[in-house]
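Each chain, written out:
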Amino acid sequence: MVNVTIDGKQLRVDASKTILQAAREAGIAIPTLCYLEGINEIGACRLCIVEVEGMNRLVPSCNTKVEEGMVIRTNTEKIRAARKINTELLLSQHQCQCTTCTRSGNCVLQKIANDLGILEISYAKKIKHVEWNQEFPLIRDESRCVKCMRCIQICNKVQGVSVWDIVNTGGRTTVAVSGNRKIEAADCALCGQCITHCPVGALRARDDSDKVFDALSNPEKITVVQVAPAVRAAWAESLGLTDEQATEKRMAAALRRLGFDYVFDTNFTADLTIMEEGSELIEMLKDKEHHRFPLFTSCCPGWVRFMKTQYPDMVGQLSTAKSPQQMFGAVAKSYYADILGVDAEKIYCVSIMPCVAKKYECAVEEVNDAGAGADVDVSLTTRELARMIVAAGIDVQQLPEEEFDQPLGTGTGAAVIFGATGGVMEAALRSAYYLVTGENPPAEAFTSVRGGADWREADFDVNGITVKTAVASGLGNARKLIEAVRSGKAQYDFVEIMACPGGCAGGGGQPIHEGCEYYASRGQKLYALDANNPLRFSHENPAVLELYKSYLGAPLSEKAHHLLHTDQKTWKL
Amino acid sequence: MSILKLETPQKSQQAVDALYQVLENRLASNPAGMCPVDTCLAFLRLCHSQSCGKCVPCRVGLGQLAQLMDDVLEGNASMETLPLIEKTAESIYLTADCAIGYEAARIVLKSVKEFRDDFIAHIKEGRCLGNMRGPIPCVSFCPAKVDIPGYVALVAEGRYTDAVQLIRKDNPFPTACAFVCEHPCENNCRRNMVDDAINIRALKRYAVDHAEPKAAPEAAPSTGKQIAVIGGGPSGMTAAYYLQLMGHQVTVYERLNQLGGMIRYGIPSYRLPRERLDDDLNHILSTGVQVKYGVNVGTDITMDELRQQYDAVYLSIGAHTDKKLRIENENADGVMSAVEMLRRIGENNPPDFKGKKVVVVGGGNVAMDVARSSVRLGAEKVYIAYRRRKKDMTALPDEVEGAIAEGCEVLEMYAPDSVKVNENNHCVAMNLRPQMAGAIDRSGRPSPVDAPAPLLELECDIVVVAIGQNIQYQVFADAGIPCSKWGTIEAGDDTVIQEVDGVFSGGDCVTGPATVIRSIAAGKVAAVNIDAYLGFQHELDFGVTVPEPELIDRTPCGRCNTKEREACERKLDFEMIEFGLSDAEAKQEALRCLRCDKYGPGSFKGGRGQW
């Protein structure tokens, strides 16, 4: 502990803290733009500068440790003037068209410039534009980039993919796809973590909401929407609802107001995924000799892309079960079209996902099996949903709570936890136990696979057979896990991987909160939904049982194989 | 009214002169890996600012040339721009009236040729081929990538033992390097932008002089792999140290009966006391490295036998034979090679030069070592004959100055012509041919050409030839190791010999005679790649954490240099001539460090990493 004085306040702080941390903990605000705790502490934007007594030059607070006796000032004329100039310098190279920016109102630079009261820029504007494929799910706008380097760091340090790098030197230094590649060929997993960690609007997901609005206003189309588990934990974060108000039922009402004919739940096909993937695992465990282990989950398309680019020789170890999104599309355009007695071509299938990679997945030609074009026509992010709700003028405060439509709107507690890291594993184990023993385990039997953005292992005894499992989220952790498997240092039967730290709750399509990670709190909401759901086991989902009974037969049946399984090796990137 | 006035410098001119001085310092610490096109443009703009404005090609042309290059950098150029740049530069070169214009154009022309790929990358891809390499200047210019800001910070904190341990992470010869390293780290020190480079070597010296002995880190569990290192010089012993720490068993085959290679047998003890060299070697040996002394590979044991007995072999035989002058009577009595003379001193069997006149031929550090050793061996007069100018010598300026202070006479611009012998075939004089400075050669120095002047006959008893060393490569060539036509072993910059599985090579025997630190770097590279070749990827932990930078304004402050014993005293013995920094000097010098590991690009790319 050391004694420091910040703006006249005498403080005793841990010597390992930075000036910025000490100040913020004492309720003293210091603006930051490039800073991302633990990930990007490079002091590049020079906005967090403070005065330290005894020094003439200003000191970046984000990466300077406190020292005994330090006297710090965070808001003097000298500092304000320097902050203003540095902000103006940033603005001189920034495309300040806030009116047409996805981050307007949620932009760090915009807030700082406003807070500092900058009304004019003293410098000549010099905006650089670089061509970008606007059809790609991930879009970078050079004219908005502030070169904070966060995208480089998150992709390199957390995700271990290194899509981004610094290019050029001197005044032309900027960020671009690493290794002189084009983004399409850069092995990008499309996790979207660079987007959610960009302080401005330089990185965004492709916006597909217009396509959905067009479909909604097309009387020829029957619009069907599915909502991923993790979306319900975050959908209203930018809409001003309290946690109590932001229920999944109110979300269902909002979707209905948007004009969707049927509001369904991806939880339904999450349960279906468990039936297929769980059965696949059990079949494999029965015949261990003839299979390569571990079996990897395949519901995360960011992870599938990662596997395809980084470990192509292991793609065969992915479960052939489609993701819940794609199972939903396949079922909606076959089984549900039959129920409605309509031509499947008339159904327009939209998914709301916490994800950028889902935009890729639904566009993979090889994944479509219902025979009516794309099984899922459009995949929107949680952020796009929130924008559509606002665009449609829906006052969410006034909305009642409404039920999902049936039968594809029924999901169990096992399904809703798909949205948190470890959830797929836990759900699969709950049902695998039942499928092997014929009786349910306690619903809380497998909670040891829960956790955060890390890599963890757990062994479970199922009827005398030890099932070795592991869970990892974040591609950096995934790589470590795979390397351990490949070198023989680790051996598992079943592994769940989610590309985003914390799983879909922390997905790249989720609402953005500067400097805060929300995956843990969103995950807690999902676990609460599980605990409160009278149905805790996927194999007890009555709608899923009905689907098997009246349409698919049994898990892994020929029809199930045709509609619900895929060969990821054939997927084009 | 006076007709003539004394010229007094104007204030503005003084300011410009000062600016040029600052510019010179700044250029000295140019970061590595900057965009060559951008750098060339900056140069061009400076040239343009020097134009008097009289002539069209310089006044207008240089500006247009700059605009074209700016177009290239800003992505506004096409592939037609490149020939236009060349045409314009060519024309300026041909037509400008004075050097301000035509020299600028010549350099641009040369640059376009040399960095053509960079120009094209900018035009076609809108990006540079270059990238900020080595964000920490000293580390990036240290061949062994020693954590220099790290140990300098530790010295500043008084943690000398930790400082030495941190150096050992990348260089197991901290003591030897503290005395004799050529310190390329200091060349581009960013502190040059403020005042002057940090005296890094002196701080290392201070650290090794004040550190407590500390055991090497514990080795990784034994891998059961056996590795042979041929040659116990800096490169071989470095590889041996790291490989041993990685858990392999290393056996060093040393031809002579002591370790150290050229550090022991090439560097006089007044620059590096023998017992201090032993500090490093004993530390290395403490890890369990085995040594077989007096073994000649090729005669006592063959390469094939070594390859059969060991899982990998590292060839680091150095460069230990002398280069010949190829002049008349070179084999006369009294003519000897620098290698031979220094080895005899190293073996405590020095030649007797009492009252003799000695001519040393050469201008490198070895020539200075030989000359200064001759003084110490009692020579009455020592000449250093060099065919180029003194300022073109490859020896460190301090070494040249030291030799002169000790009474050596430097004869610049004299090429060896022949040795004059008496009836007993003993040397009695050296004939030197006067040279004059000619055109600039590839090394950027004027090439010496024979001057129209008579030979200089320099009476002498001894001639020592110090014009370089060769490699005893023949037995290895015979064993199938690829060798170049210059007699060096052909290994990649990863020390791998592609043609021969499991054999690696590095140090002087690959590069030709170079510096200690480059040999150490090769040993380190070899250790990592041999480890990988054996299927491992060991990471070594030396357990030293580097303190945060001291929070101070780094205002201009002079560099402290080390002092030496006075010349007339030190030249009488082989005792160490350099004094280390005082406590106050070391502290101040260490705090001058700008901590580029933390400030600037070091905080982002590169930084401090495991190798």
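In this text, all values refer to a predicted model and were calculated from it rather than measured experimentally.

**Quick look at the overall build of chain A**
Reasoning step 1: If you tally the helices and strands in chain A, you get 18 helices and 17 strands.
Reasoning step 2: Over its C-alpha atoms chain A spans a radius of gyration of 25 Å, differing by no more than 12% from the 25 Å that the globule rule assigns to 573 residues.
Reasoning step 3: Principal axes of the C-alpha set define a box for chain A whose edges measure 75 × 55 × 45 Å.
Reasoning step 4: Counted over contacts in chain A with a minimum sequence separation of 6, partners at least 24 positions apart contribute 74%.

**So, the overall build of chain B**
Reasoning step 1: What chain B contains, in helices and strands, is 23 helices and 16 strands.
Reasoning step 2: Radius of gyration (C-alpha) of chain B: 27 Å, near the 25 Å computed for a compact globule of 611 residues.
Reasoning step 3: Overall size of chain B, expressed as C-alpha extent along the three principal axes, is 80 × 65 × 55 Å.
Reasoning step 4: Residue burial in chain B is summarised as follows: out of 611 residues, 46% are buried.
Reasoning step 5: Sequence-distant contacts, at least 24 apart, represent 71% of the contacts inside chain B between residues at least 6 apart.

**Things to note about the interface of chain B and chain A**
Reasoning step 1: Taken together, the contact pairs 18 residues of chain B with 21 residues of chain A.
Reasoning step 2: Considered class by class, the residues forming the side of chain B that touches chain A number 8 nonpolar, 4 polar and 6 charged.

**So, the domain arrangement of chain A**
Reasoning step 1: Splitting chain A by domain gives domain 1 (2-115) and domain 2 (209-267 + 326-398).
Reasoning step 2: Taking only C-alpha atoms, the centre of domain 1 of chain A and the centre of domain 2 of chain A are 41 Å apart.

**Overview of the nonpolar core**
Reasoning step 1: A:V224, A:V331, A:A499, B:L44, B:L65 and B:M69 are the most contacted members of the largest nonpolar core, which has 206 residues in total.
Reasoning step 2: Sequence-distant contacts of A:V331, that is, excluding residues within four places in its chain, are made with A:T269, A:Y336, A:L408, A:L547 and A:L563.
Reasoning step 3: In this structure, B:A211, B:L315, B:Y386 and B:I471 belong to the second largest nonpolar core, which totals 147 residues.

**What to know about the environment of A:G373**
Reasoning step 1: Structurally, A:G373 can be placed in the loop between α11 (357-361) and β14 (378-381).
Reasoning step 2: Through-space distance from the C-alpha of A:G373 to that of A:K333 is 9.3 Å; in sequence the pair is 40 residues apart.

**Regarding the sheet that holds strand β8 (residues 381-386) of chain B**
Residue and element names in this part refer to chain B.
Reasoning step 1: Pairing within the open sheet is parallel, and its 5 strands lie in the order β6-β14-β7-β8-β9. Each edge of the sheet is formed by a strand with only one pairing partner; in this case those strands are β6 (335-337) and β9 (409-412). Pairs of neighbouring strands in the sheet enclose a mean axial angle of 20°, with direction left out of account.
Reasoning step 2: Direction of pairing for strand β7 (residues 357-361) relative to strand β14 (residues 462-465): parallel, over a ladder of 4 bridges. From the neighbouring strand, V361 faces β14, where its bridge partner is V465.
Reasoning step 3: Against the sheet, helix α16 (residues 338-346) contacts β6 and β14, and its axis sits at roughly 75° relative to β6.

**Brief notes about the packing of helix α9 (residues 160-168) of chain B against helix α11 (residues 200-210) of chain B**
Residues and elements named next belong to chain B.
Reasoning step 1: Direction vectors running N to C along α9 and α11 enclose 115°, while the axes themselves pass 8 Å from each other. In this structure, the crossing between α9 and α11 has a hand that is left-handed. Along the contact surface, α9 presents Y160, A163, V164 and I167, while α11 presents K204, A207, V208 and H210.
Reasoning step 2: Here the contact of α9 with α11 is built from residues that sort into 6 nonpolar, 1 polar and 1 charged.

**Considerations on the confidence of the model for chain B**
Reasoning step 1: Scored by pLDDT, chain B has a mean of 93; 98% of the residues are at 70 or more.
Reasoning step 2: On the interface metric, ipTM, the complex scores 0.82, and its pTM is 0.88.

**Quick word on the packing of α16(B) against helix α17 (residues 365-376) of chain B**
All names here are of chain B.
Reasoning step 1: Where α16 meets α17, the axes come as close as 10 Å, and the angle between the chain directions of the two elements is 55°. Here α16 lies oblique to α17, going by the angle between them. Judged by the twist between their axes, the crossing of α16 over α17 is left-handed. For the pair formed by α16 and α17, the contact residues are A338, M341, L342 and I345 on the first element and V366, A367, D369, V370 and S373 on the second.

**Focus: the environment of A:V158**
Residues and elements named next belong to chain A.
Reasoning step 1: Note on placement: V158 falls in helix α4 (residues 150-158).
Reasoning step 2: Sequence-wise, V158 and K288 are 130 residues apart; in three dimensions their C-alpha atoms are separated by 34 Å.
Reasoning step 3: With residues up to four places along the chain from it excluded, the contact list for V158 reads I39, Q193, G474, G476 and P501.

**Description of the pairing of strand β4 (residues 312-315) of chain B**
Residue and element names in this part refer to chain B.
Reasoning step 1: Residues A312 and Y314 point to one face of β4 and V313 and L315 to the other, with burial holding for every one of them.
Reasoning step 2: Across 4 bridges, the pairing between strand β1 (residues 226-230) and β4 is parallel. The residue bridging I227 from the neighbouring strand is A312, located in β4.
Reasoning step 3: As defined by bridge partners, β4 adjoins strand β16 (residues 503-505) across 3 bridges and the pair is classed as parallel. Residue pairing in the sheet places Y314 in a bridge with F504 of β16.

The rules behind each value
- Residues numbered from 1 in each chain as written.
- Chains lettered and ligands numbered in written order.
- Predicted model: local features only at pLDDT ≥ 70, side-chain atom pairs only at ≥ 80, totals over all residues.
- Helix = DSSP H or I, 4+ residues; strand = E, 2+ residues; numbered from the N terminus.
- Rg over C-alpha atoms; globule rule 2.2 N^0.38 Å.
- Contact = placed C-beta atoms within 7 Å.
- Buried ≥ 20, exposed ≤ 12 C-beta atoms within 10 Å, placed from the backbone.
- Nonpolar A, V, L, I, M, F, W, Y, C, P; charged D, E, K, R; others polar.
- Domains from an automatic or database assignment.
- Core = buried A, V, L, I, M, F, W, Y, C linked by C-beta atoms within 7 Å.
- Pairing = 2+ DSSP bridges.
- Axes fitted to C-alpha atoms, helices over the stretch in contact; angles between N-to-C directions.
- Left-handed = near helix turned anticlockwise from the far one by under 90°.
- pLDDT = per-residue confidence, 0-100.
- Parallel < 35°, antiparallel > 145°, perpendicular 65-115°, else oblique.

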